[in-house]
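So the chains spell out like this:
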Amino acid sequence: MAALVDQIAAGKLAPVYLLHSEQPVLVDRVLAALRDAVVAPALRAFNYDVIEGKPSATRIVAAAQTLPMMGPRRLVYVRDLAALPADEAPALLAYIAAPNPSTVLVCVTSKLDKRLKLYAQAAKAGVLHVLEAPRNPSQWIRAEADARQVRLEGRVVDRLVDAVGNDLSRLAMVLDQLALYAGDRAVTVDDVDELVADTRERSVFELTDAIGAGDLPGALAAVASLCDQRDSAIGVIAMLARHLRQLGQVHAHAGASKGELAQRVGAPPFVVDKLVAQARRYPAAHVARSTAALAAADRALKGDVTVSAPWSGAQVKTLGRPLAERVILEQLVTSIVAGAARR
């Protein structure tokens with residue numbers, strides 16, 4: 001994404017951009033760069049068209065073929081190309097093959113299926129840009145802080161990743177909040193805990209505690225809270241997997257002293273007592289099955305089409321990201337707790 005924005009800022013403009021991302025902030029950055037590069041603010045009333053709602057190829061092409069007024073170029077922005085009827089794709093592809101040189105057409109699609117002719121041909125033409133979030137957002141956080149001239153102390157970046165996850169839109173918002181909160185001084189870990197971490201971590205602890213107690217309603221309520229906060233399901237799955245690994249370690253080292261177990265599971269001794277009680281509720285075989293189910297869900301959410309049951313990357317695309325994450329987390333938690341109830 002940064003390379004694309006740099007190209008646009010340098011004036012290296014393409015006549016057509018088709019954008020897709022699971023991270024709205026990345027799309028917003030590219031759109032802002034295009035607006036700044038293509039049309040001066042004073043001319044946007046004449047040379048900047050936004051196509052809302054259900055688009056049609058006729059409307060898109062007509063807007064793109066219109067000549068600019070009092071300026072060298074026009075910008076046409078299609079807010080969501082996913083709603084374009086399939087039978088209208090050929091007309092749009094014909095325009096992409098021979099675009100108007102005085103127009104920059106940028107289309108955003110909320111759903112991307114590269115098996116469809118429109119997206120397959122757009123990819124071949126080099127106009128499809130899938131904006132991916134970094135797997136580890138630490139460097140992105142540092143770059144955002146530098147852009148805001150915000151100083152971050154010590155482990156602030158790690159704490160933000162723990163507290164917010166990989167939701168770049170929320171990370172950007174949180175950095176703005178932290179900058180206002182800290183003022184001229186550097187942002188500290190305590191600032192993150194004060195403003196950000198508490199709600200998410202409380203929900204995570206509520207989730208693991210409810211699962212440990214075999215409390216399905218409580219666990220589902222915690223899942224709902226995490227989803228409402230727009231926490232990444234992949235991050236929640238990682239935390240659930242860590243919890244189950246700890247239970248697995250308790251089973252694997254049954255009879256060990258509390259101090260040794262604390263070292264094995266990577267938790268303070270006072271937490272070990274709780275984990276031992278939970279391990280009695282969850283047999284080792286069920287912990288292993290649940291861990292495998294978490295791994296399959298993680299792969300499905302990352303788009304792995306080879307995952308066949310009970311989830312697949314295709315199902316995630318069909319449901320849409322937010323709904324798919326909620327459904328998968330609810331099914332995972334229900335399955336884990338059901339194993340305890342049968343014992």
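Just above, that's the structure.
The notes below deal with the structure included here. Every value quoted in this text rests on a predicted model; they were computed, and no experiment measured them.

1. Focus: the overall build of the protein chain
When helices and strands are tallied, the protein chain shows 17 helices and five strands. Seen through its C-alpha atoms, the protein chain measures out along the principal axes to roughly 80 × 50 × 30 Å. Looking at the protein chain as a whole, 44% of its 343 residues qualify as buried. Partitioning the contacts of the protein chain with sequence separation of at least 6, the portion at a separation of at least 24 is 72%. Across the protein chain, 40 positive and 36 negative side-chain charges occur, with their mean positions spaced 6 Å apart.

2. Regarding the sheet that holds strand β2 (residues 48-51)
As summarised here, the arrangement of the five strands in space is β2-β3-β4-β1-β5, forming an open sheet in which the pairing is parallel. Two strands bound the open sheet, and with one partner strand each, they are β2 and β5 (128-130). Ignoring strand direction, the axes of neighbouring strands in this sheet form an average angle of 20 degrees. Where strand β3 (residues 74-78) meets strand β4 (residues 103-108), five bridges bridge the pair, whose relative direction is parallel. Looking across to β4, one finds that Leu75 is bridged to Val104. Contacting β1 (16-20), β2, β3 and β4, helix α2 (residues 24-38) crosses the sheet at an angle of about 170 degrees to β4.

3. So, the packing of helix α1 (residues 2-9) against α2
Where α1 contacts α2, the axes come no closer than 9 Å and their chain directions differ by 5 degrees. Here α2 runs roughly parallel to α1, going by the angle between their axes. For the pair α1 and α2, contact is made by Leu4, Val5 and Ile8 and by Arg29, Val30, Ala33, Leu34 and Ala37, respectively. Looking at the contact of α1 with α2, its residues break down into seven nonpolar, no polar and one charged.

4. Describing helix α5 (residues 89-97)
Those residues of α5 lying buried are Ala89, Leu92, Leu93, Tyr95 and Ile96. Along the long axis of α5, the arc covered by the buried residues comes to 155 degrees, so they all point the same way. The inward-facing, buried residues of α5 abut β1, α4 (57-65), β4 and α6 (117-125).

5. Some remarks on the nonpolar core
One finds Leu34 and Leu160 to be the most contacted residues of the largest nonpolar core, which totals 41 residues. No other element matches the eight residues that α2 contributes to this core. With sequence-adjacent residues up to four places away left out, Leu160 is seen in contact with Ile141, Gly165, Leu171, Val174, Leu175, Leu178 and Val192. In terms of nonpolar packing, the next biggest core, distinct from the first, is built from 39 residues, Leu207, Ala210, Ala233 and Leu329 among them.

6. A word on the pattern of salt bridges
Note on pairing: side chains with opposite charge can pair once their charged atoms come close. The final tally for this structure, using the stated rule, is 10 salt bridges. Between Arg148 and Asp176 there is a salt bridge; the shortest N-O distance is 2.6 Å. Placement of Arg148 in the loop between α7 (138-147) and α8 (156-164) and of Asp176 in helix α9 (residues 168-182) is noted, with a sequence separation of 28 residues between them. Overall, Asp176 belongs to the partly exposed group, its relative accessible area being 38%. One salt-bridge network, in which partners are shared between bridges, spans Arg29, Glu144, Arg148 and Asp176.

7. Quick notes on a nonpolar patch on the surface
Together, Phe46, Met69 and Met70 give the surface a local cluster of nonpolar side chains, amounting to about 320 Å² of exposed area. Note that Met69 resides in the loop between α4 and β3.

8. Thoughts on helix α11 (residues 216-228)
Helix length check: α11 (13 residues) gives 18 Å between terminal C-alpha atoms against 18 Å at 1.5 Å per residue, within 8%. Inspection of α11 places Ala219, Ala222, Val223, Leu226 and Cys227 among the buried residues, and these make up the whole buried set. In a view along the axis of α11, the buried residues occupy a sector of 135 degrees, so they form one face of it. Exposed residues on α11 whose side chains face more than 90 degrees from its buried face are Pro217 and Asp228. The opening residue of α11 is Asp215, an N-cap whose side-chain oxygen sits 3.1 Å from the backbone nitrogen of Gly218.

9. Observations regarding the packing of α7 against α8
Angle between the axes and distance between the axes are the two parameters that describe a pair of packed helices. Taken N-terminus to C-terminus, the directions of α7 and α8 make an angle of 115 degrees; their axes are 10 Å apart at the nearest point. Note that α7 runs across α8; the crossing there is right-handed. Contacts between α7 and α8 involve Ser138, Ile141 and Arg142 from the former and Val157, Asp158, Leu160 and Val161 from the latter. Each residue belonging to the contact of α7 with α8 can be placed in one class, and the counts come to four nonpolar, one polar and two charged.

10. Quick word on the side chain of Gln278
Residue position: Gln278 is located in helix α14 (residues 269-281). Taking relative accessible area as the criterion, Gln278 reaches 4% and is therefore assigned buried. Leave out the neighbours within four places in its chain, and Gln278 touches Thr208, Asp209, Gly212, His243 and Leu247.

11. A few points about the pairing of β4
A regular strand places its side chains on the two faces of the sheet in alternate fashion. The element β4 is extensively covered by neighbouring structure, given that six of its six residues are classed as buried. Residue alternation in β4 divides its side chains into two sets, Thr103, Leu105 and Cys107 and Val104, Val106 and Val108, and both sets are buried. With four bridges connecting them, β1 and β4 associate as parallel partners. The partner of Val16 across the bridge, within β4, is Leu105. With α5 bridging β3 and its parallel neighbour β4, the resulting β-α-β unit is right-handed.

Procedures and definitions
- Residues numbered from 1 in each chain as written.
- Predicted model: local features only at pLDDT ≥ 70, side-chain atom pairs only at ≥ 80, totals over all residues.
- Heavy atoms only, no water.
- Helix = DSSP H or I, 4+ residues; strand = E, 2+ residues; numbered from the N terminus.
- Buried < 20%, exposed > 50% of the residue type's maximum accessible area, 1.4 Å probe, protein only.
- Contact = heavy atoms within 4.5 Å.
- Lys, Arg positive; Asp, Glu negative; His and termini not counted.
- Charge placed at Lys NZ, Arg CZ, Asp CG, Glu CD.
- Pairing = 2+ DSSP bridges.
- Axes fitted to C-alpha atoms, helices over the stretch in contact; angles between N-to-C directions.
- Parallel < 35°, antiparallel > 145°, perpendicular 65-115°, else oblique.
- Nonpolar A, V, L, I, M, F, W, Y, C, P; charged D, E, K, R; others polar.
- Arc of directions from axis to C-beta.
- Core = buried A, V, L, I, M, F, W, Y, C linked by side-chain atoms within 4.5 Å.
- Salt bridge = Lys/Arg side-chain N within 4 Å of Asp/Glu carboxyl O.
- Patch = residues over 30% accessible without salt bridge, like charges linked within 9 Å, V, L, I, M, F, W, Y side chains within 5 Å.
- Areas by Shrake-Rupley, 256 points an atom, 1.4 Å probe, with all protein chains shown as cover.
- Expected span 1.5 Å × (residues − 1).
- Polar contact = N/O pair within 3.5 Å; in protein donor to acceptor, adjacent residues only side chain to side chain.
- Left-handed = near helix turned anticlockwise from the far one by under 90°.
- Right-handed = clockwise from strand over helix to strand, strands pointing away.

Spatial relationships are all this shows, so hold off on functional conclusions.
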